[in-house]
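# Observations on the three-dimensional arrangement
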Amino acid sequence: MEPRISNRVDACSRAVPDAAVCTHLSLQWEVDFASQSISGRAEWTVRLGTAGASCVVLDTKSLEISSVTLCGVAAEYSLGDAHDAFGQALTVQLTAEARATPEPKLVIAYKTTPRSSALQWLPKELTAGQSYPYLFTQCEAIHARALLPCQDTPSAKFSYDAAVTVPAWATALMSAIGKGSKRKGGESEGTSTFYFEQKVVIPAYLLCLAVGHLQSREVGPRTSVWSEPSVVDAAAYEFAEADDFIVAAERITGQEYVWGRYDILCLPPSFPFGGMENPCLTFVTPTLLAGDRSLANVVAHEVAHSWTGNLITNHTWEHFWLNEGWTVWLERKIKASMAGAKAGGPPDMTYYDFDAISGWKHLADDVALIGNDHPFTSLSPPLRDEDPDDAFSSVPYEKGFNLLNYLTSVVGGHDVFESFAKAYIARFKYTTLTTADFKDFFCEWCAGKGIDAAAVDWEAWLTGTGMPPVTPHFNNVHGERCVSLADLWLAGATDGRAASDVAGWSSPHYISFLEHLLTRLGEDQALVQKLPLEVVKLMDELYGFTPTKNAEIRLRWQRLCIMLRLDFIVPHVVDFLKEQGRMKFVRPLYRDLFAWQSQSKVATATFLDREANYHPICAKMLKQDLKLA
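Residues numbered from 1 in each chain as written. Predicted model: local features only at pLDDT ≥ 70, side-chain atom pairs only at ≥ 80, totals over all residues. Heavy atoms only, no water.

## Focus on the overall build of the protein chain
Each helix and strand counted, the protein chain has 20 helices and 22 strands in total. A principal-axis box enclosing the C-alpha atoms of the protein chain has dimensions of 85 × 70 × 45 Å. Here the protein chain holds 629 residues, and the buried ones make up 58% of them. Relative to all contacts within the protein chain whose residues are 6 or more apart in sequence, the contacts with residues 24 or more apart total 72%. Carbon and sulfur atoms make up 50% of the accessible area of the protein chain, which amounts to about 24400 Å² in all. A distance of 3 Å separates the average location of the 55 positive side-chain charges in the protein chain from that of its 74 negative side-chain charges. (Helix = DSSP H or I, 4+ residues; strand = E, 2+ residues; numbered from the N terminus. Buried < 20%, exposed > 50% of the residue type's maximum accessible area, 1.4 Å probe, protein only. Contact = heavy atoms within 4.5 Å. Areas by Shrake-Rupley, 256 points an atom, 1.4 Å probe, with all protein chains shown as cover. Lys, Arg positive; Asp, Glu negative; His and termini not counted. Charge placed at Lys NZ, Arg CZ, Asp CG, Glu CD.)

Below, the structure written as structure tokens:
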């Protein structure tokens, strides 16, 4: 076990930061929507580590390098063989002058290409306002190398500053603190240059840029919400509790929020993902805009990353669970704290348990899909020639969380484990660590507290495949009510049903109710007769499913109605498919509609009509789902 969990070599990067590490970045960028390219220069401050280092090695992918200088002099450099996922190594030879300089400057002039996997260029048709184009980046896991030459490994953290020139109509945002802007020329032909500074060191995957027609609303002492003008007010209302999440996280971790700002950017409707925890600027999907803040708790996960993932980072992608398992744990602690505070009491851990039960179900589904014996179901999977994106699933999130929850019982409960969490964050903040570092620190901490942790089967937890070796026991007080109500409907017990059935329910309760119905109907088709049209209409009238703006509820309700082959839902499904392009929602709905023989043509026609409005990645996957490719 030890070699894998202690591995510090990143096989997903060609960089060699132990020999020469890039510690500070100064960027000068010009964004050109016409050519869909970013051109400029990246100036790296290099710190030489190993005595006698002969070169600096960086990662690149789909970049056009025009010049490289070292200490102000043209440098000898070469590009290695291309790899589909990992790109090409950029090797710069160190001169005698550079080796004698304490922190030599490496300057690379370059240009991105339309092939960059880090950049998503959206035509105006894919934005909410449909008046201006839009650009956003996505660098996790190993796409930063397609944005700039860098040491694209989590172990190489750096600070940065940037000057980004964009069209005059646009606003640029980055994962950094804004330092103002300067305008040159007029509105139509002029440009604006935006300046940024990030003093806290970050790994390359947390570097981000967004450029669009944007406005902001201040919603807290350190939080503004950004989006397009037609969306910004709704987004500001939805995410107004972000600072409360931060305060809760500060209390739980014992560590102040170090990033200065926590701004949120609500991206265009075509954004196909859920969110991204870029420091100072969380990216979120507009499908969180339910109108009643019922999905705003999703931001709690991204807030939690400010400590677990951003402040403390996995050393390589083989230790990714240290980012996500810890973040799920902190997210659920934040939610419990918020629920308790609203009730005027201590944290309500029944909500922690309720989320954990749902997470366990998602973990079981993914393990079944991936394969119980597949190495990607290990907490510390071997990544040698694999793209880390291919290993992403709920495993690092939920199996990692369940390890931490199990260790909670080992140390004696939530209060004691929070003490460990505080010590862990204090010890590793601003650094990166391996799974072995975590294990060793936990064992040392327990020994210092007189806690017996000898029974922990580290081998099974960290390198074993499949489900966790210990099955948890969570309080399902919230879920039991949801399941019981669903079973009443399936039993035909409609007498006495009323809107009060769901009094006090939050989004997770409705989701649990609908998921139970979907699961039971999938297991036993004979139950379909228990939910004829008139019964479903009654359920809809009482619980308000069809008109809800909550995207998570809409997805499950519409899938349920499609499963029951109820025609009335089809126009609502089509409207939902036209409104947004988040793959979590559109792919299952298109697949379900396409599988319904009488509605198959509706699914195909809807896609062909709206194809240009979907993100290219999403459109590609939908073509496969609809047998068009």
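## Remarks on the pairing of strand E2 (residues 37-48)
Alignment of strand E1 (residues 20-32) against E2, held across 12 bridges, turns out to be antiparallel. Bridge pairing in E2 places Trp 29 opposite Gly 40. Here E1 folds back onto E2 in antiparallel fashion, the turn holding four residues, of which Gln 36 has a positive phi close to 50°. Strand direction decides the pairing type here: E2 and strand E8 (residues 105-112), joined by seven bridges, are antiparallel. Paired with Ser 39 across the bridge in E8 is Lys 111. (Pairing = 2+ DSSP bridges.)

## Quick look at the sheet that holds strand E14 (residues 191-202)
Backbone-to-backbone hydrogen bonds pair the strands of a sheet. The strands run either parallel or antiparallel. Strand order in the open sheet formed by eight strands is E5-E4-E8-E2-E1-E11-E14-E13, and the pairing between neighbours is mixed. The open sheet is flanked by strand E5 (73-74) and strand E13 (177-184), the only strands paired with a single partner.

## So, unusual backbone geometry
Geometrically, the link from Glu 140 to Ala 141 is a cis peptide bond, its omega value of 5° lying close to zero. Tracing the sequence through the fold places Ala 141 in the loop between strand E10 (134-137) and strand E11 (158-167).

## Topic: the pairing of E13
In terms of strand pairing, E13 meets E14 through six bridges, oriented antiparallel. Each bridged residue has a counterpart across the sheet, and for Gly 178 the counterpart in E14 is Phe 196. Hairpin geometry of E13 and E14 is characterised by an intervening segment of six residues between the two adjacent antiparallel strands and by a positive phi of about 85° at Gly 185.

## Overview of the environment of His 143
Looking at where His 143 falls in the secondary structure, it is placed in the loop between E10 and E11. Between the C-alpha atom of His 143 and that of Asp 389, which follows or precedes it by 246 residues, the distance is 10.0 Å. Non-local contacts of His 143, meaning those with residues more than four positions away in its chain, are made with Ser 117, Ala 118, Gln 138, Asp 152 and Asp 389.

## Some thoughts on helix H9 (residues 395-411)
Counted at 1.5 Å a residue, the expected span for H9 with its 17 residues is 24 Å, and the 23 Å between its end C-alpha atoms agrees. By the criterion of burial, H9 is predominantly enclosed, with 14 of the 17 residues buried. Looking one or two residues beyond H9, the residue adopting positive phi is Gly 412, at roughly 115°. (Expected span 1.5 Å × (residues − 1).)

## Comments concerning the sheet that holds strand E18 (residues 263-266)
On the basis of which strands lie adjacent, the open sheet formed by five strands has the order E16-E17-E18-E20-E19 and mixed pairing. Each edge of the open sheet is held by one strand with a lone partner, namely strand E16 (215-220) and strand E19 (275-276).

## Here's the deal with the nonpolar core
The biggest cluster of nonpolar side chains holds 152 residues, and the ones touching the most others in it are Trp 44, Tyr 424 and Phe 438. At nine residues, helix H6 (residues 321-342) tops the list of elements feeding residues into this core. Counting 52 residues, the second-largest nonpolar core is a separate cluster that includes Leu 542, Ala 551, Tyr 590 and Leu 593. (Core = buried A, V, L, I, M, F, W, Y, C linked by side-chain atoms within 4.5 Å.)

## Here's the deal with the side chain of Thr 171
Among the structural elements, Thr 171 can be located in strand E12 (residues 171-174). Contacts of Thr 171, omitting those with residues within four sequence positions, involve Phe 194, Ala 210, Val 211, Gly 212, Leu 214 and Trp 226.

## Observations regarding the pattern of salt bridges
For the structure on display, the rule yields 26 salt bridges. Residue Arg 384 pairs with Glu 318 through a salt bridge whose shortest N-O separation is 2.3 Å. Of this pair, Arg 384 sits in the loop between helix H7 (349-370) and helix H8 (388-391) while Glu 318 sits in the loop between strand E21 (313-314) and H6, placing them 66 residues apart in sequence. The exposure class of Arg 384 is partly exposed, given its relative accessible area of 45%. Here Asp 625 ties to Arg 591 by a salt bridge, and the two come within 3.7 Å at their closest N and O atoms. Taken together, the positions of Asp 625 in helix H20 (residues 616-625) and Arg 591 in helix H18 (residues 583-595) put the pair 34 residues apart, joining distant regions of the chain. The class for Asp 625 is buried, based on a relative accessible area of 11%. (Salt bridge = Lys/Arg side-chain N within 4 Å of Asp/Glu carboxyl O.)

## What to know about the UniProt feature "binding site: a peptide" (unreviewed entry) in the protein chain
UniProt's feature table lists "binding site: a peptide" (unreviewed entry) at Gln 138, Cys 139, Glu 140, Pro 272, Phe 273, Gly 274, Gly 275, Met 276, Glu 277, Arg 582, Met 583 and Lys 584, given in the numbering used throughout. Note that Gln 138 resides in the loop between E10 and E11. By relative accessible area, Gln 138 is classed as buried at 15%. When sequence neighbours within four positions are dropped, the list of residues in contact with Gln 138 reads Ser 117, Ala 118, His 143 and Met 276. Inspection of the secondary structure assignment puts Phe 273 in the loop between E18 and E19. (UniProt positions renumbered as here; feature names shortened; annotations may be inferred.)

## Details of the environment of Leu 27
The topology assignment puts Leu 27 in strand E1. With residues near it in sequence (within four places) discarded, Leu 27 still touches Arg 41, Ala 42, Leu 148, Asp 161, Ala 162, Ala 163, Met 174 and Leu 207.

## Considerations on the side chain of Ser 378
Within the secondary structure layout, Ser 378 lies in the loop between H7 and H8. Polar side-chain contacts of Ser 378 include one of 3.2 Å to the side chain of Arg 4. Apart from the residues within four sequence positions on either side, Ser 378 is in contact with Arg 4, Val 395, Lys 399, Leu 462, Thr 463, Gly 464 and Thr 465. (Polar contact = N/O pair within 3.5 Å; in protein donor to acceptor, adjacent residues only side chain to side chain.)

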